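Structural overview
Given next are the chains, with one letter for each unit.
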Amino acid sequence: MMINKIFQKIQKADIRKFRFWIQLFLFVIFVYGGYVAIDVGREIPVFSCGYDREAGGVCYFMSLQHQLARPWERLFSGASLGVLSAFGVFILWFIVFNKAWCGYACPLGTMQDWITALRKRLRIPYSTYSEESFKSLKKIKYIFLLIVILFPLLIGAGLLDPEWRGGFCKMCPGRLITPMFVGDFSQWSIDFSSKTAIFLTTFGIAFTVVFFVGSFIKKRFFCFFCPMSAMHYIFSPFALLKLKKDGEKCTKCGDCYRVCDMQIWDIADDVKSRDILRDDCIFCLKCVAACPEEDALQVDIVKWAIFKSTKGGFAKRMGFEDETE
Amino acid sequence: MGFYDSSKENIFTTALFWGLFWPFFIVTTLPVFGRIFCGICPHGFLGKYITNIGLKKKMPKWMQNRFIGVMLLVIGWWAVYYMFPGVYRTPFGTAMLFTVMTLLAFILYFFYRDMSYCKYICPIGTALRAFGKLSFTSFSTYKSACSSCKSFECAKSCPYGLSPFNFEKKHSMDDCTLCMECTHSCEAVRFTFVKPGYGIYQKFKTLRAEVWVYILILAAIPISMAFSHGLGRSKVADEMIWAKTAAFFQTFIDFGSMNAVGLFAFLYAVLFSAAAAMVGMFIASKILKKEYGTVFYTLGYAFAPLFILASMAHAWEFFFTSNSARIVEGLAWGFGMNIDIDPFAKRGDTWLEVFHIFRWIAVAWAFYILYRRMEYIEASKIRKLLAYPFAGLLIFFFIGVNSYRSYILDTYGRAERSHSEHSMRAKTLFQSVKADEVILLQKGKDAASCAACGMKLSRFYKTNHAAIFHGKERQYCSIHCLTEEKKIKNMNLEQIQVVDTKTLKFIDAKEAFYVLGSTKSATMSEVSKYAFAREKDAQEFVKAFHGEVVDFSEALRVAMKDFEDMKVYKTVDGETPIYFTDKKPFIQKGKMNHSGMGGMMHGRDANRVPSKKVWLVTGDDITHPLCVENIQGRFFVTNVMNEVSIPKVKSKEGCTAISFEMPKSGYYKVYYIAEDEHSVNVAKYEFKRFDHSSDEKYDKEMMRAKTIPEVPFDILRIRSKDETFYSRPTTGEKLQFKVLKDKKPIKDAQVILNTQFGWQKHATTDENGSVSFTLIKDYYPDWDKYNKRFREKYTLTARYKDVEGKVYAMTLQDEFRPSRSEYQSYAYGMLITLLLLIVFGGGIFLYRYRIHKPFKEVRIDDDK
């Protein structure tokens, strides 16, 4: 009975408030954790940038690029164990929470949500992509993922200038933005020591400007291009936390699509797939909260449903709870 | 092969078998096409005809055992291979084996029907069937056509007595060899491409022999190879359990010509692998609460990719490093020609490492198959999850063996190769001769090596020199080493002799004719020098390979040029400071030093303790330091805890070097102290070792600069307040030093700072013994040569004369890097930010503005 009551309570919870506080808490952990000696490792599956000297945990791409850039004779012999063990830790982190890392933990994602909140205050309308541009833009993240993995390997083989070491990090807006929160603005400079360095640092600044402008007018603008999101999607079939949809209960009302920050069409339109997680999904659960149909959308951990779309929850969130009860 | 004396080892047989047949026909085709090899097997080809005219009896039950074939392969071929490594390398050995197998095959074909030999006795038949499961081709029939067909033409036409119409239902092609006989009788037979390993994920009737093929072949080939060829060739080979067991048995059994170590390596490999598989599966079966046999033979299919992909890694690498060239050479050699081809790649080329990835693919695939095969066991998810690692114990064992081998080879190194196994051999040079043609004049344990450099004399025999030193013969690899001892070390060498390139006999060097600068390779020098007894031979050599003929004294003069850049300081006067450097102090001709990590072994392996090597040098020019000889002083090394120890000092070629291990992150110091009643000379080197992959904390007290009681005079670099492991001195930074005499700060000591590019600054210590310098930028290369990580060296020299007139001199060498502000610009960063902000922000504003505008205009028009 007790458990049932708690479950009922969860169904009616204000997911937005819950998410806001979790995001704030994890933002503080990841960005300021170093001040209180928090260190959750260097295999974190979100853009918690290692250039921030007080980071409480570091983005896995930083160590991945570093490890893969080793000379091949080491990479493919003894050092491969290091790569595999770090990868194992990354997978362990990831499979528990799945893409909820994006919606709840990523400092860069949190920043974008705050920018969106600011935009709302200023009563400036937001933009969306057309269906076609959405489809082509979402491929960019896989190109970035290729850069993350392939370029260090080429350095290790001696085919690429070592100046490209950590190439993606140099391009990533996280490198410029995250350290600013601890008062370090040193990343906002152009490195003139070589042509590659000039290119990479300029690209980094340009991408950061695009990040700010873009996320101001488009919700979660950067996440469409995020290679970590692409990496997540590859391993999400093995994750414990799942977003599931019961197509038979779906009426295709489109409420879920309208609340989706990532413009995922399938959430409303696909009534065949059980596992409705898509590569752009940030697992924010707004869709589940917005769904008026009983049990049409649900969040499972292993096989237990922890959060479901319910009529009661929908009514409460929409503010007409009294009428239905 | 018949071209030549077949009992002798020849390169063609090895190349053909190991270079072509093995990597391409077996290892590569299996996971691709499955048993396509059987289609071209000469036994099977003739067997089809022999069976037709044969007795067509049914094979007796005891022979219908696939383990016969498996055991023939594992024991008859591989165990013998490890016992007598040479046996299959001769055409004779190979021919004998194939003759026996062929006769056996023909007899069995004649007696029994349905090609039973292929199924049960053929050593590779079952193996191919087993590994064929991984292939991504499938052979089956169109179901719709078969369901209505009652003629079974296909089954009648099959020489192996199989039923192709059942293949799809059984998810197995059974013993199908892709002979395609059935296609003649029915059109509903199809050959398709499927996902790799498709068959192995399906439910099919498991076959015990197949699982054992995976385990035994994995043990017999990759794991035994790792034991006997990988670990067995490391420097600690004698410590391995099989070597010890062999040594133990050798005390009372005479193994004769048998390679006992190889045999035990093989036995242990089989024992360990079988144990890993059986114990793991046993525990898994207990967890799953299922019968052991079911679990073992259902999940055992997961071991399939391990061998085949690991072999692919090995075979391809060897194909590129040596076999490709061996095949061409071997072919030419078969026709009596003698040519020398360079292989596509050298051993140790980085790109070859890409083939190692097959091993990791194998492991990943094996784990995946295990996961898929788990479906066929009925148990709860939790039980499956718990049983999974145990069922995969053999896979972990395989990873373990591979990692252990790289660990051992990285840590202890490869032992010197004395014989060449597996067709790998050191490339012979023009100056190399066979061991039995070498004349060794010197005696003793190291008689076969150069007296000066230790290189193998036989490898450079045609440039060998010899001389008598204090009545004892010394033999050198080349005139280079002779010159080194005669001219540089000023050893009194008499009766110098040289090898005549033509006759390979020693002759008097003073009467020899030297050919300098020919196109044939040189030994330890840029200029090749070959000697001849007769002038005519020398002239002929010049005609063929260019160069010029000179006498011994000229040859010696040219050899001396090798040493010109290498100046060796003989004595140390009081004025020139002595200091340490981490850069090897002399530059040999054609052999540039790396300006980088000089002697720093940078954590090659996580388990290896990094070490650093420094040389004691002198001279005014920091960039071209000179070695110090005649060292009378003492050396000390301190570790991160400031604990003093006495290091090993090595002298080579007149240079003195100290190397020390750095197990932890922190500061390590090396001191050199030379003392007499008038003066004290101290040289100091301080190095901060930091491994950023470890979680070591920067302990300020531990990192504080400290002196040691053994040194009477010291300079300390005072750490700044916010120094961490990551800090490095850069230009523009103010460095603080403190000069101590008998552990007390002293006033009025003269301190001079010298940088690599010649900037100099003098200062005098204050009451606290302190002195400070601001590092200026004096590194101005061309922009395209600019290195932001450039480590500019500086030396600090302190001098002090006490009241008794005793002179104290001290040096400290360190380095600094360009500061970020030298090459990074905020201004440009901000400019670009602003520009882009205006462009993008403005662009979006305009875009939105325009979208709204036409709407307004329409309204205005309406009003009018």
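What counts and what doesn't
- Residues numbered from 1 in each chain as written.
- Chains lettered and ligands numbered in written order.
- Predicted model: local features only at pLDDT ≥ 70, side-chain atom pairs only at ≥ 80, totals over all residues.
- Helix = DSSP H or I, 4+ residues; strand = E, 2+ residues; numbered from the N terminus.
- Buried ≥ 20, exposed ≤ 12 C-beta atoms within 10 Å, placed from the backbone.
- Contact = placed C-beta atoms within 7 Å.
- Pairing = 2+ DSSP bridges.
- Axes fitted to C-alpha atoms, helices over the stretch in contact; angles between N-to-C directions.
- Nonpolar A, V, L, I, M, F, W, Y, C, P; charged D, E, K, R; others polar.
- Core = buried A, V, L, I, M, F, W, Y, C linked by C-beta atoms within 7 Å.
- Domains from an automatic or database assignment.
- pLDDT = per-residue confidence, 0-100.
- Parallel < 35°, antiparallel > 145°, perpendicular 65-115°, else oblique.
- Left-handed = near helix turned anticlockwise from the far one by under 90°.
- Expected span 1.5 Å × (residues − 1).
- Arc of directions from axis to C-beta.

Okay, the overall build of chain A next. Counting secondary structure elements, chain A contains 18 helices and four strands. For chain A, with 325 residues in total, the buried portion stands at 47%. Once local pairs closer than 6 in sequence are excluded, the contacts in chain A between residues at least 24 apart make up 65%.

We now examine the overall build of chain B. Of the regular secondary structure elements, chain B holds 25 helices and 28 strands. Residues counted as buried form 37% of the 864 residues belonging to chain B. Across chain B, the fraction of contacts at a sequence separation of at least 24, relative to all contacts at a separation of at least 6, is 72%.

Here we come to the sheet that holds strand β4 (residues 304-308) of chain A. All names here are of chain A. With respect to topology, three strands assemble into an open sheet ordered β2-β3-β4, the strand pairing being antiparallel. Strands at the two margins of the open sheet, each flanked by one partner only, are β2 (241-245) and β4. Across this sheet, the average inter-strand angle for adjacent strands is 30 degrees, counted without regard to direction. Relative to β4, strand β3 (residues 297-301) runs antiparallel, the two being bridged by four bridges. Residue pairing for β4: Ile301 is matched across the bridge by Trp304.

The backbone of Val302 of chain A shows a phi angle near 55 degrees, a positive value even though the residue is not glycine. Here Val302 of chain A lies in the loop between β3 and β4. One non-glycine residue, His546 of chain B, adopts positive backbone phi at about 65 degrees. Secondary-structure assignment places His546 of chain B in the loop between α21 (535-545) and β9 (548-550).

A few words now on the interface of chain B and chain A. Across the contact, 30 residues belong to chain B and 26 residues belong to chain A. Mapped onto the side of chain B that touches chain A, the elements with two or more residues apiece are α17 (357-373), α19 (393-412), β28 (824-825) and α25 (826-863) of chain B. Per element, the largest residue contribution to the side of chain B that touches chain A is eleven residues, and it comes from α25 of chain B. Across the side of chain B that touches chain A, the residue classes tally to 16 nonpolar, nine polar and five charged.

The complete set of buried residues in helix α13 (residues 227-235) of chain A reads Pro227, Met228, Ser229, Ala230, Met231 and His232 of chain A. Check the buried side of α13 of chain A and you find it contacts α3 (60-68), α5 (79-97), α6 (100-105), α9 (140-156) and α10 (167-171) of chain A.

Turning next to the pairing of strand β5 (residues 493-499) of chain B. Looking down a regular strand, the side chains alternate between one sheet face and the other. All names here are of chain B. Pairing of strand β3 (residues 465-469) with β5 involves four bridges; the strand directions are antiparallel. Paired with Ala466 across the bridge in β5 is Gln497. Two strands pair when backbone bridges link them, and β5 and strand β6 (residues 506-508) are joined in this way by three bridges, in the antiparallel orientation. Each bridged residue has a counterpart across the sheet, and for Val498 the counterpart in β6 is Ile507.

A few words on the environment of Pro663 of chain B. Counting through the fold element by element, Pro663 of chain B comes out in the loop between β17 (655-661) and β18 (666-675). Taking C-alpha positions, Pro663 of chain B is 9.0 Å from Val640 of chain B, a pair spaced 23 residues apart along the chain.

Of all hydrophobic cores here, the largest spans 108 residues; its most connected members are Tyr214, Ile215, Leu216, Leu218, Ala304, Leu306 and Ala366 of chain B. Lining this core are residues from two domains, each supplying at least three of them: domain 1 (11-201) and domain 2 (208-412) of chain B. Other than its neighbours up to four places away in sequence, Tyr214 of chain B contacts Ala130, Gly300, Phe303, Ala304 and Phe307 of chain B. By size, the runner-up hydrophobic cluster in this structure holds 92 residues, among which are Leu75, Met111, Ala197 and Ile267 of chain A.

Our focus in this paragraph is the confidence of the model for chain A. Of all residues in chain A, 98% attain a pLDDT of 70 or more, and the chain-wide mean is 89. Per-element confidence in chain A is highest for helix α11 (residues 173-177) of chain A, whose mean pLDDT is 95, and lowest for helix α18 (residues 321-324) of chain A, whose mean pLDDT is 50.

Residue and element names in this part refer to chain B. Relative to strand β4 (residues 472-476), β3 runs antiparallel, the two being bridged by five bridges. When the sheet's bridge partners are listed, Ala467 is paired in β4 with Arg474. The turn joining β3 and β4, which pair antiparallel and follow one another in sequence, is formed by two residues; a positive phi near 50 degrees is taken by His470.

Turning to the sheet that holds β5 of chain B, a few remarks are in order. Hydrogen bonding along the main chain pairs the strands of a sheet, whether they run parallel or antiparallel. Residues and elements named next belong to chain B. If you walk across this open sheet you meet the four strands as β4-β3-β5-β6, and the pairing is antiparallel. The sheet is open, and its two edges are formed by β4 and β6, each paired on a single side. Each adjacent strand pair in this sheet contributes to an overall mean axis angle of 30 degrees, direction not counted.

Moving on: the environment of Ala674 of chain B. Within the element layout of this structure, Ala674 of chain B appears in strand β18. Ignoring anything within four residues of it in the chain, the contact list for Ala674 of chain B reads Gln632, Gly633 and Asn681 of chain B.

To characterise two packed helices, one gives the angle between the axes of the helices and the distance between these axes. Residue and element names in this part refer to chain B. Two elements in contact, helix α12 (residues 208-230) and helix α14 (residues 260-288), have axes whose closest approach is 8 Å; the angle formed by their N-to-C orientations is 130 degrees. Taken together, the axes of α12 and α14 are oblique relative to one another. For the element pair α12 and α14, the recorded crossing hand is right-handed. Every residue of α14 that contacts α12 at Ile215, Leu216, Leu218, Ala219, Ala220, Ile223, Ser224, Phe227 and Ser228 is listed here: Val261, Gly262, Ala265, Phe266, Tyr268, Ala269, Val270, Ser273, Ala274 and Ala277. Of the residues that constitute the contact of α12 with α14, the class distribution is 15 nonpolar, four polar and no charged.

Attention now goes to helix α2 (residues 15-32) of chain A. Residue and element names in this part refer to chain A. The end-to-end C-alpha distance of α2 is 25 Å, a good match for the 26 Å that 18 residues give at a rise of 1.5 Å each. Those residues of α2 that fall on the buried side of the exposure criterion are Gln23, Leu26, Phe27, Phe30 and Val31. The buried residues of α2 occupy an angular sector of 115 degrees when the element is viewed end-on, so they sit on one face. The exposed residues of α2 that point more than 90 degrees off its buried face are Lys17, Trp21, Leu24 and Phe25.

This part is about the confidence of the model for chain B. Low pLDDT marks regions whose predicted coordinates should not be analysed in detail. All names here are of chain B. Averaged over all residues, the pLDDT of chain B equals 79, while 83% of them reach at least 70. Below a pLDDT of 50 lies the segment residues 1-8, which in the model reaches 13 contacts outside its immediate sequence neighbourhood of four places, other chains included. Confidence over residues 565-574 falls short of pLDDT 50; this stretch has 24 contacts with residues more than four positions distant or in other chains. Predicted as a complex, the structure gets a pTM of 0.58 and an ipTM equal to 0.86.

Moving on, we get to the packing of helix α4 (residues 66-83) of chain B against α12 of chain B. All names here are of chain B. Axis separation between α4 and α12 bottoms out at 10 Å; the angle between their running directions is 5 degrees. Here α4 lies roughly parallel to α12, going by the angle between them. Of the residues in α12, those in contact with Arg66, Phe67, Val70, Val74, Trp78 and Tyr82 of α4 are Ala209, Trp212, Val213, Leu216, Ala220, Ile221, Ser224 and Ser228.

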